[in-house]
Amino acid sequence: MPTFVVEYTYSPESSSGRDDHRTDHHAWLAELVRRKVVLSSSPHADHSGARFVVDAADADTVERLFGHDPFAQAHLVSHVSISPGAGDSFPGFATH
């Protein structure tokens, strides 16, 4: 299956909201890791966003999956980009 890179951008104003929804976000993410849909994830060190490597049939599937993220449902992600992955080597990612 193809891989995709999902990039989240957070605004500084969403910090407390993300704190409120972090447990649900982590549970959602853990389930996708368990199902081997999310291959790796990495929050940005400055808390400005996150990056995920996803195994999915197509970008539409990725968009639907990430629409279920509690952060997205609470409108805490200011920008999402989805791009095709380029293999299994993604420097700086924590592999699950």
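In case you missed it, the structure is sitting above this.
Residues numbered from 1 in each chain as written. Predicted model: local features only at pLDDT ≥ 70, side-chain atom pairs only at ≥ 80, totals over all residues. Heavy atoms only, no water.

**So, the overall build of the chain**
Part 1 of the argument: On a plain count of helices and strands, the chain comes out with three helices and five strands.
Part 2 of the argument: Tracing the chain from N to C terminus, the helices and strands come up as β-α-β-β-α-α-β-β.
Part 3 of the argument: Looking at the 96 residues of the chain, the share that counts as buried comes to 36%.
Part 4 of the argument: Long-range pairs, those at least 24 residues apart, make up 76% of the contacts in the chain with a sequence separation of at least 6.
Part 5 of the argument: For the chain, the exposed area adds up to about 5,600 Å²; of that, 54% sits on carbon and sulfur atoms. (Helix = DSSP H or I, 4+ residues; strand = E, 2+ residues; numbered from the N terminus. Buried < 20%, exposed > 50% of the residue type's maximum accessible area, 1.4 Å probe, protein only. Contact = heavy atoms within 4.5 Å. Areas by Shrake-Rupley, 256 points an atom, 1.4 Å probe, with all protein chains shown as cover.)

**A closer look at the nonpolar core**
Part 1 of the argument: Counting residues in each nonpolar core, the largest one holds 19 residues, and the members touching the most others are V6, Y8, F52, V54, V62 and F66.
Part 2 of the argument: Of all elements in the fold, only β1 (3-9), α1 (15-34), β3 (49-55) and α2 (59-66) reach the threshold of two or more residues within this core.
Part 3 of the argument: If near-sequence neighbours (up to four positions away) are discounted, V62 is found in contact with F4, V6, V54, A56 and I82. (Core = buried A, V, L, I, M, F, W, Y, C linked by side-chain atoms within 4.5 Å.)

**Remarks on the pattern of salt bridges**
Part 1 of the argument: In the structure shown here, the tally under the stated rule is three salt bridges.
Part 2 of the argument: A salt bridge links D19 to R22, with the nearest nitrogen and oxygen atoms 2.7 Å apart. Of this pair, D19 and R22 both sit in helix α1, three residues apart, which is roughly one turn of that helix.
Part 3 of the argument: Overall, D19 belongs to the partly exposed group, its relative accessible area being 46%.
Part 4 of the argument: Residue R22 is classed as partly exposed on the basis of its relative accessible area, which comes to 29%.
Part 5 of the argument: For E31, the salt bridge identified is with R34, shortest N-O distance 2.7 Å. Note that E31 and R34 are positioned in helix α1 at a spacing of three residues, about one turn of the helix. (Salt bridge = Lys/Arg side-chain N within 4 Å of Asp/Glu carboxyl O.)

**So, unusual backbone geometry**
Part 1 of the argument: The residue H47 is not glycine, and still its phi comes out positive at about 65°.
Part 2 of the argument: You can see H47 is positioned in the loop between β2 (38-43) and β3.
Part 3 of the argument: Positioned with a positive phi, H75 is a non-glycine residue whose angle comes to about 60°.
Part 4 of the argument: Within the secondary structure layout, H75 lies in the loop between α3 (70-73) and β4 (79-84).

**Considerations on α2**
Part 1 of the argument: Every buried residue of α2 is listed here: V62, L65 and F66. Down the axis of α2, the buried set is contained in an arc of 90°. They therefore lie on one face. When the buried face of α2 is taken as reference, the exposed residues oriented beyond 90 degrees from it are E63 and R64.
Part 2 of the argument: If you follow the buried residues of α2, they end up packed against β1, α1, β2, β3, α3 and β4.
Part 3 of the argument: One side-chain oxygen at the N-terminal end of α2 lies 3.2 Å from the backbone nitrogen of D60; it belongs to D58. (Arc of directions from axis to C-beta. Polar contact = N/O pair within 3.5 Å; in protein donor to acceptor, adjacent residues only side chain to side chain.)

Take it as geometry only, folks, not as evidence of what the structure does.
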